[in-house]
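Letter by letter, the chains look like this.
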Amino acid sequence: MVYLDYNASTPIDQRVLGAAVEALDVYGNPASSHHVVGQMAAELVNEARSRVAVSLGRSTQEVMFTSGATEAAVLGLLGVMLGSSSRPNIVVSPTEHKAVLEAAELGARLAGGEVRVVRVDRDGVVDVDDLDRLVDDSVAAVAVMAANNETGVIAPATAIADIAERVGALVFVDATQLLGKGSLDGVVALADVMVFSSHKIYGPKGAGALVASRSVQKLIVPIASGGGQERGFRGGTQNTPAIVGFGLAAELAMKEQASDAARIRDLANELLVGLRRKLPDVHVNGGEADRLPNTLNLRFVGADSEAVMASMPEICVSAGSACNSAVPSPSHVLLAMGMSGTEASESLRISLGRPTTRDEIDVAVTAISAAVSRVRELTGE
């Protein structure tokens, strides 16, 4: 088996696994500060919070742990919209993750406003002129994915932030895919609210973070109250082992990002060259834009992606976001980029990761090219 679906989920780094397993022995509730066992758990959570904050260059008071990026997006967007009665509208890109799009819809509805959808070009890059037209002083936030989970296309963060700042709108950034794969410097400096997920960076599932400045936190209405955990924004006992793993995974992701990216970019290029050597009509979706080094979204003309995947069960890739795989349909990201349903259904997302080897790339080239050729033959393409 060759796993090339790292944008969906990553294996746990063995260093992270060791830390998370050790934390399983600390069984106290982090909120039980009146005894030593609870204090030990709280120490682990605080250390993990510090690791995430330092990795991002933010204050520990700005980091709130969640169960993942989806929950963080819902907390952040709904919280902002509920706290913005005088600004009931929100602007989103149509290529955002479905969690962000649906949270934006609900938030705007509850606030009595609307979701304004900005155009993207054929590569999936936000049309800055259209964004400038849509953003006014009725807009509470502009939501943008720092790097797209399906195409790897990186957003023009500076231009987006400049437009939002002009009218005092917040900049909400889904940075889930960028952490550990590309530079976060500009995004961290420009974003008012960010969300992250542990299992995208070789950490355990069940942990993520909502990161917001203290001033922005004052604007957010908590929607998951309970025992006062996470500064009152997310009630419930913290998942200590997962949080510990997330903290170390974030630290490692930042430390090893440059070396990982260089090696993975070379492997991704080898994969693309190898496939094009064996197959005609292979197109890179979003290929003219700045993209993550590990992500290739490829259209194989005349070969349905579901049929291709069924023909090569030993190769783990996807036709889009893992969150949409239960109901196979053309990717909303590719459709928003102007592709037809047929073109989108001929596309595969291939995403490499830290464990990917050159031998795996060779195996993948052979298997994918053979599968595409079989499907094309069966359909007469």
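What comes next concerns the included structure. Since this is a predicted model, take the numbers as computed values, not measurements.

Cut-offs used in this document
- Residues numbered from 1 in each chain as written.
- Predicted model: local features only at pLDDT ≥ 70, side-chain atom pairs only at ≥ 80, totals over all residues.
- Heavy atoms only, no water.
- Core = buried A, V, L, I, M, F, W, Y, C linked by side-chain atoms within 4.5 Å.
- Buried < 20%, exposed > 50% of the residue type's maximum accessible area, 1.4 Å probe, protein only.
- Helix = DSSP H or I, 4+ residues; strand = E, 2+ residues; numbered from the N terminus.
- Domains from an automatic or database assignment.
- Contact = heavy atoms within 4.5 Å.
- Expected span 1.5 Å × (residues − 1).
- Pairing = 2+ DSSP bridges.
- Right-handed = clockwise from strand over helix to strand, strands pointing away.
- Polar contact = N/O pair within 3.5 Å; in protein donor to acceptor, adjacent residues only side chain to side chain.
- Phe/Tyr/Trp six-rings, centres within 6.5 Å; stacked < 30°, edge-to-face > 60°.

Notes on the nonpolar core
Next, step 1: Ranked by internal contacts, the top residues of the largest apolar core, which has 59 residues, are Leu 131, Val 173, Leu 184 and Phe 196.
Next, step 2: The greatest single-element share of this core, amounting to nine residues, is contributed by helix 9 (residues 240-278).
Next, step 3: Viewed by domain, this core spans two of them, domain 1 (2-6 + 257-379) and domain 2 (14-252), each represented by three or more residues.
Next, step 4: When near neighbours in sequence (up to four residues on either side) are disregarded, Phe 196 contacts Leu 56, Gly 68, Ala 69, Ala 175, Thr 176, Leu 179, Leu 184, Gly 208, Ala 209, Val 211 and Phe 246.
Next, step 5: Formed by 31 residues, the second largest nonpolar core is a distinct cluster that contains Leu 275, Val 284, Phe 300 and Val 317.

Regarding helix 3 (residues 69-82)
Next, step 1: Counted at 1.5 Å a residue, the expected span for helix 3 with its 14 residues is 20 Å, and the 19 Å between its end C-alpha atoms agrees.
Next, step 2: Most of helix 3 is tucked away, with eleven of its 14 residues classed as buried.
Next, step 3: For helix 3, every residue scored as buried is listed here: Ala 69, Glu 71, Ala 72, Ala 73, Leu 75, Gly 76, Leu 77, Leu 78, Gly 79, Val 80 and Met 81.

Some thoughts on the pairing of strand 7 (residues 193-197)
Next, step 1: Of all five residues in strand 7, five are buried, a share of seventy percent or more.
Next, step 2: Neither face of strand 7 is exposed, since Val 193, Val 195 and Ser 197 on one face and Met 194 and Phe 196 on the opposite face are all buried.
Next, step 3: Where strand 6 (residues 170-174) meets strand 7, three bridges bridge the pair, whose relative direction is parallel. Each residue of the ladder has a partner; that of Val 173, found in strand 7, is Met 194.
Next, step 4: In this region the chain leaves strand 6, passes through helix 7 (residues 185-190) and returns to the parallel neighbour strand 7; the handedness of that crossover is right-handed.
Next, step 5: One ladder, built from five bridges, connects strand 7 with strand 8 (residues 208-212); its direction is antiparallel. The residue bridging Ser 197 from the neighbouring strand is Gly 208, located in strand 8.

Quick notes on the side chain of Ser 351
Next, step 1: Note that Ser 351 resides in strand 12 (residues 347-351).
Next, step 2: Looking at Ser 351, the relative accessible area reads 0%, which means it is buried.
Next, step 3: Polar contacts involving the side chain of Ser 351 include one to the main-chain amide nitrogen of Tyr 6, which spans 2.9 Å.
Next, step 4: Those residues within four positions of Ser 351 in sequence are excluded, and the remaining contacts are Leu 4, Asp 5, Tyr 6, Asn 7, Asn 294 and Thr 295.

Concerning the packing of aromatic side chains
Next, step 1: Overall, the coordinates contain three aromatic pairs when judged by the stated rule.
Next, step 2: Both rings, one in Tyr 3 and one in Tyr 6, keep their centres 4.9 Å apart while their planes meet at 80 degrees; by these two values the pair is edge-to-face.
Next, step 3: Look at Tyr 6 and you get buried, because its relative accessible area is 4%.
Next, step 4: Plain terms: the ring middles of Phe 65 and Phe 246 are 6.1 Å apart, the flat faces sit at 70 degrees to each other, and that makes the pair edge-to-face. Here the residue Phe 65 occupies a position in strand 2 (residues 63-66), and Phe 246 occupies one in helix 9, the gap between them amounting to 181 residues.

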